[in-house]
Amino acid sequence: MKKVTDQILFVPLTDQATPSHNPQELYLAAKDLNVKAKACASFEEAFELAKTLVDERDGLITISGSDELISKYWHLRGIKKF
């Protein structure tokens, strides 16, 4: 079994109807708990970073959050319907 490093990437929600926490504040809270994290300006930025950090064959990217974030993930992966 291969040991991998985990990292949390925080992004803001762009949907104006849904209030969003500040990713920078979440990053600082995670840092205080010794959790490896990064604040990103957008989901697209975070996804591109995640792709460079995770082995495509054996890695795992987990998306958690609003329906908007999940939809962006499927769009960026080129998946039309799920």
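Conventions adopted
Residues numbered from 1 in each chain as written. Predicted model: local features only at pLDDT ≥ 70, side-chain atom pairs only at ≥ 80, totals over all residues. Heavy atoms only, no water. Helix = DSSP H or I, 4+ residues; strand = E, 2+ residues; numbered from the N terminus. Buried < 20%, exposed > 50% of the residue type's maximum accessible area, 1.4 Å probe, protein only. Contact = heavy atoms within 4.5 Å. Areas by Shrake-Rupley, 256 points an atom, 1.4 Å probe, with all protein chains shown as cover. Arc of directions from axis to C-beta. Axes fitted to C-alpha atoms, helices over the stretch in contact; angles between N-to-C directions. Parallel < 35°, antiparallel > 145°, perpendicular 65-115°, else oblique. Left-handed = near helix turned anticlockwise from the far one by under 90°. Phe/Tyr/Trp six-rings, centres within 6.5 Å; stacked < 30°, edge-to-face > 60°.

As a further point, take the overall build of the protein chain. Secondary structure summary: the protein chain contains three helices and two strands in total. N-terminal to C-terminal, the α/β element order of the protein chain is β-α-β-α-α. Per-residue burial for the protein chain yields a buried fraction of 16% across its 82 residues. Considering only residue pairs separated by 6 or more positions, the protein chain has 59% of its internal contacts joining residues 24 or more positions apart. Carbon and sulfur atoms provide 54% of the accessible area of the protein chain, an area that totals close to 6,800 Å².

Moving on: helix 2 (residues 43-53). Every buried residue of helix 2 is accounted for by Phe43, Ala46, Phe47 and Ala50. An end-on view of helix 2 places all buried positions within 100 degrees of arc, on one side of the element. Close packing links the buried residues of helix 2 with strand 1 (8-10) and helix 3 (67-77).

Viewed as axis vectors pointing N to C, helix 2 and helix 3 meet at an angle of 55 degrees, and their least axial separation amounts to 11 Å. With respect to each other, helix 2 and helix 3 are oriented oblique. In this structure, the crossing between helix 2 and helix 3 has a hand that is right-handed. Across the interface between the two elements, Phe43, Glu44 and Phe47 of helix 2 pack against Leu69, Lys72, Tyr73, Leu76 and Arg77 of helix 3.

The way to describe two aromatic rings as a pair is by their centre distance and the angle between their planes. Summed over the entire model, instances satisfying the criterion amount to three aromatic pairs. Plain terms: the ring middles of Phe43 and Phe47 are 6.1 Å apart, the flat faces sit at 10 degrees to each other, and that makes the pair stacked. Note that Phe43 and Phe47 are positioned in helix 2 at a spacing of four residues, about one turn of the helix. Overall, the relative accessible area of 6% leaves Phe43 in the buried class. When the centroid spacing of 5.2 Å and the interplanar angle of 65 degrees are considered together, the rings of Tyr73 and Trp74 count as edge-to-face. On the basis of relative accessible area, Trp74 is assigned to the partly exposed category, the value being 23%. Clustering of aromatic rings is evident, with ring pairs tying together Phe43, Phe47, Tyr73 and Trp74.

Tracing the backbone through its elements, the reader meets Leu53 in helix 2. By relative accessible area, Leu53 is classed as partly exposed at 48%. Separated by 47 residues in sequence, Leu53 and Asp6 place their C-alpha atoms 9.1 Å apart.

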